[in-house]
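Results of the structural survey
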Amino acid sequence: MLALLGATTLMLVAGAPWVLPAASGGTNLKSPENGRVCIIDDNFILQWNGSRESVRNVTFSAEYKIPGMENWKKLPGCQHITGTECNFSSVKLETVYEKIELRIRAEKGNSTSQWHELKPFIPFQEAQIGPLDVHLEAEDKAIIINISPPGTKDSIMWAMDRSSFIYSLVIWKNSSSLEERTETVYSRDKIYKLSPETTYCLKVKAELRSPRRVGFYSPVYCINTTEKHKVPSPENIQIDAENQVYVLKWDYAHENTTFRAQWSHEFLKRIPGSHSDKWKQIPNCEDVKTTHCVIPQNAFPEGIYRIRVQASDGNNTSFWSEEKKFNTEMKTIIFPPVISMKSVNDDSLHVSIGAPKESENKSVNQLYPLIYEVIFWENTSNAERKVVEEITDVTFPNLKPLTVYCVKAKALTENGKWNKSSVFSSTVCEKTKPGNTSKTWLIAGICTALFSIIVTIYVGKVLLRCINYVFFPSSKPPSSVDEYFSEQPVRNLLLSTSEEQTERCSIIENANTITVIEETNPIEDHKKYNSQTSQDSGNYSNEDENSGSKISEELLEQETV
């Protein structure tokens, strides 16, 4: 033990900044050593170590200086202290975020030691969160806890952080400390899911996340829950969004019971104190006999709320149910957009995205910044193209001409805190316009078709003429014969039958004898010739030759005679 004290003494002496003798009185007073400050909530404690040499009737006094002060001032609560610590919580500080300088010295009569100065410090950075005061109230299956925030009511240390504290609670059955349960609670909160007529014990500590501070646990508090209540509380509170309304539901086993529901702002939970007067009745959820009620969406503007339900069977009412946190952003339905598509240019489709409309022609999703996921594909292909755009007009270029394309889209929230999206819209399909290549082919096809029609008509006419010539010959005689008869005077055809046309022919037998032969061609023969059907010109010529040969034979016979 002596060796330990000696080692401690040596360490403290080594840590002493200086030790100077007092000039007056002949007594050597050494300066205090190892000065330090301990701050818990609003309690400021200055501590130090005295001289290793025991000197009777020695006291200690401290002074301070803050920015803006030229001279040192006496530190309240730290004058002529006989011990080795003092409380200077009564010092009037305008802020806890500025540096403070402290110094302390030993005194005996008129003799004083040299000042021992502490390193300047900022009170808020040195402060610790102290133990909490807790008040408990019991129900049959719950305990209401009221926590006094760190510091005093007029605390300057935590004045800026009173609503930022997080309280960590450890609760257990008094009969079994092994069944501990840790929860994060507010300064006024309820601990649910407990058993009736059971003793529970708990302790609580406060925390700050920025800057990171963890306080000391409170003393342990114990309380007994009450006996089971006659009218049980509603359980499993749920709230869902359906179309343009909210539906509040709960479970309850007993019949012939009416219910009412209330709401309160979530931020009130972070403000210390009781806010029981801030609860408000929910529209359409008062004295209802069903285990649900329908709430208009406009009853809850955008925000975070608390919902609770109470049962009643006449004169008896239950305790309030467990409070349900309700975030309108998380529950609001994002409706699918309305899309339209039309063909532009020769190879592009333009997609327009619009928000769905209510009956009053108001945009359903107008309160939320949205982005749109658009799925685009060719109607005959399964290959999809996906784009995500903030704009409501999307153009898809370089498409195939005269091809059907389809599109669908859904809306997504742009808020990074939570991910919510609508279902896909109805599918819309559109056909692209014909491109330049298609027009060229179309013109070429039309020209080819016209040319083919002309050729077909011409060939048809030629074939028809051949068929008519072979199978249906004309009754008109050949042109050579027709020309011959056309030279005959018209008057010959008008001669009477008694007249004959005589053609004189001369045969020169020798130079001295000339025989004249008259050939009479009756008009009837001429008529017969004209009435003959058209035959081959060769046949007609043969008949003439035969008639000529007959005349020659007759002349030969006459000469012989």
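Each chain has its residues counted from 1, following the order in which its sequence is written. In view of the model being predicted, local features appear only for residues whose pLDDT reaches at least 70, and side-chain atom pairs are presented and counted only at 80 or more, with totals across whole chains, interfaces and linings using the full set of residues. By convention in this description, side-chain values take in all heavy atoms of the structure and omit both hydrogens and water.

1. Brief notes about the overall build of the protein chain
- A count of helices and strands for the protein chain gives seven helices and 33 strands.
- Relative accessibility thresholds used throughout: buried, under 20% of the residue-type maximum; exposed, over 50%; partly exposed, between the two (1.4 Å probe, protein chains only). Counting the 561 residues in the protein chain, one finds 34% classified as buried.
- For the protein chain, restricting intrachain contacts to residue pairs at least 6 apart in sequence, the fraction spanning at least 24 positions comes to 62%.
- Carbon together with sulfur atoms contributes 51% to the accessible area of the protein chain, which is approximately 35,600 Å² in total. Strands are runs of DSSP state E lasting at least two residues, helices are runs of H or I lasting at least four, and both sets are numbered from the N terminus onward. By the convention used here, residues are in contact when the closest approach between their heavy atoms is within 4.5 Å. Here, Shrake-Rupley sampling with a 1.4 Å probe gives the accessible areas, and only protein chains in the shown set may cover a residue.

2. Here's the deal with a nonpolar patch on the surface
- Each patch is built from residues that are more than 30% exposed by relative accessible area and take part in no salt bridge. Like charges join if they lie within 9 Å; nonpolar side chains (Val, Leu, Ile, Met, Phe, Trp, Tyr) join within 5 Å. Between Lys or Arg on one side and Asp or Glu on the other, a salt bridge is scored when a side-chain nitrogen of the former is within 4 Å of a carboxyl oxygen of the latter. On the surface, a nonpolar cluster with roughly 1,200 Å² of combined accessible area is contributed by Phe451, Val455, Tyr458, Val459, Val462, Leu463, Ile467, Tyr469, Val470, Phe471 and Phe472.
- Its location among the elements puts tyrosine 458 in helix α4 (residues 436-471).

3. Thoughts on the UniProt feature "transmembrane region" (unreviewed entry) in the protein chain
- UniProt positions are given in the numbering used here, feature names are shortened, and annotations may be inferred rather than shown by experiment. Mapped onto the present numbering, the UniProt feature "transmembrane region" (unreviewed entry) falls at residues 441-464.
- The distance from the first to the last C-alpha atom of residues 441-464 is 34 Å, and the span holds 100% helix and 0% strand.

4. Brief notes about the state of the cysteines
- Our working definition of a disulfide is a cysteine sulfur pair at a distance within 2.5 Å. Per the counting criterion, the structure on display carries four disulfides.
- Here cysteine 406 is linked by a disulfide to cysteine 429, with a sulfur-sulfur distance of 1.9 Å. A torsion of 100° about the S-S bond marks the disulfide between cysteine 406 and cysteine 429 as right-handed. Placement of the pair is cysteine 406 in strand β30 (residues 404-413) and cysteine 429 in strand β31 (residues 428-431), with a sequence separation of 23 residues.
- In the protein chain, numbering the disulfide-bonded cysteines from first to last in sequence yields the connectivity 1-2, 3-4, 5-6, 7-8.

5. As for the nonpolar core
- In this description, a nonpolar core means a group of buried Ala, Val, Leu, Ile, Met, Phe, Trp, Tyr and Cys residues linked to one another through side-chain atoms lying within 4.5 Å. With 49 residues, the main nonpolar core has Leu46, Leu75, Phe88, Leu102, Leu202 and Val204 as its most contacted residues.
- Only β1 (33-40), β2 (43-49), β3 (59-65), β6 (101-108), β10 (133-138), β11 (143-148), β12 (166-173) and β15 (199-209) provide two or more residues apiece to this core.
- Counting residues per element, this core draws most heavily on β15, which supplies five residues.
- Segmentation of the chain into domains, including their bounds, is taken from an automatic or database domain assignment. Each of domain 1 (33-126) and domain 2 (134-225) gives at least three residues to this core.
- Excluding residues within four positions of it along the chain, leucine 102 makes contact with Val37, Leu46, Glu63, Tyr64, Trp72, Leu75, Phe88, His116, Glu117, Leu118 and Phe121.
- Among the nonpolar cores identified, the runner-up in size contains 22 residues, and Leu248, Trp250, Ile282 and Ala311 belong to it.

6. Focus on the confidence of the model for the protein chain
- When the pLDDT values of the protein chain are averaged, the result is 79; 75% of them are 70 or greater.
- Across the protein chain, element-level confidence peaks in strand β17 (residues 221-224) with a mean pLDDT of 96 and bottoms out in helix α1 (residues 2-15) with 32.
- For every residue, the predictor states its confidence as a pLDDT score lying anywhere from 0 to 100. In the model, residues 1-26 has pLDDT below 50 throughout and makes 26 contacts with residues more than four positions away in sequence or in other chains.

7. Regarding the pattern of salt bridges
- Summed over the entire model, instances satisfying the criterion amount to twelve salt bridges.
- Residue lysine 190 is joined to glutamate 139 by a salt bridge in which the shortest nitrogen-to-oxygen separation is 3.0 Å. Of this pair, lysine 190 sits in strand β14 (residues 188-191) while glutamate 139 sits in the loop between β10 and β11, placing them 51 residues apart in sequence. The burial state of lysine 190 is the same as that of glutamate 139; both residues are buried.

8. What to know about the side chain of threonine 225
- Structurally, threonine 225 can be placed in the loop between β17 and β18 (235-242).
- Residue class for threonine 225 comes out buried when judged on its relative accessible area of 5%.
- At 2.9 Å, the side chain of threonine 225 and the backbone nitrogen of glutamate 197 are in polar contact.
- By the criterion applied in these results, polar contacts are pairs of N or O atoms within 3.5 Å in which, for protein atoms, one can donate a hydrogen and the other can accept it, and in which residues neighboring in sequence qualify only through two side-chain atoms. There is a polar contact of 2.8 Å between the side chain of threonine 225 and the backbone nitrogen of threonine 198.

9. A closer look at the packing of aromatic side chains
- Side-chain rings of Phe, Tyr and Trp, where Trp is taken by its six-membered ring, are said to pair if the distance between their centres is within 6.5 Å; with planes under 30 degrees apart they count as stacked, over 60 as edge-to-face, and otherwise as tilted. Going through the model one piece at a time under the given rule, you end up with 17 aromatic pairs.
- Measuring from centroid to centroid gives 5.4 Å for tryptophan 263 and tyrosine 305, while their planes differ by 80°, and the two rings are edge-to-face. Note that tryptophan 263 is positioned in strand β20 (residues 258-265) and tyrosine 305 in strand β23 (residues 304-312), a separation of 42 residues in sequence.
- Judged by relative accessible area, tyrosine 305 falls into the buried class, the value being 3%.
- On the numbers, 6.3 Å between centres and 35° between planes, the contact of tyrosine 305 with phenylalanine 326 is tilted. Within this pair, whereas tyrosine 305 is found in strand β23, its partner phenylalanine 326 is found in strand β24 (residues 324-327), the two being separated by 21 residues in sequence. In this pair, the class of tyrosine 305 matches that of phenylalanine 326, namely buried.
- Of the aromatic side chains, those joined through ring pairs into one cluster are Tyr97, Phe124, Trp158, Phe165 and Tyr167.
- The ring of phenylalanine 124 is capped by arginine 213, whose NZ or CZ atom sits 4.8 Å from the centre of that ring. Sitting over a ring, as applied to charges here, requires NZ of Lys or CZ of Arg to be within 6 Å of the ring centre and within 35 degrees of the ring normal.

10. Focus: the environment of phenylalanine 319
- With respect to the helices and strands, the residue phenylalanine 319 is situated in the loop between β23 and β24.
- Its relative accessible area of 25% is what places phenylalanine 319 among the partly exposed residues.
- Separated by 177 residues in the primary sequence, phenylalanine 319 and alanine 142 place their C-alpha atoms 9.5 Å from one another.
- Apart from residues lying up to four places away in sequence, phenylalanine 319 is in contact with Glu139, Asp140, His229, Val231, Ser233, Pro234, Val309 and Gln310.

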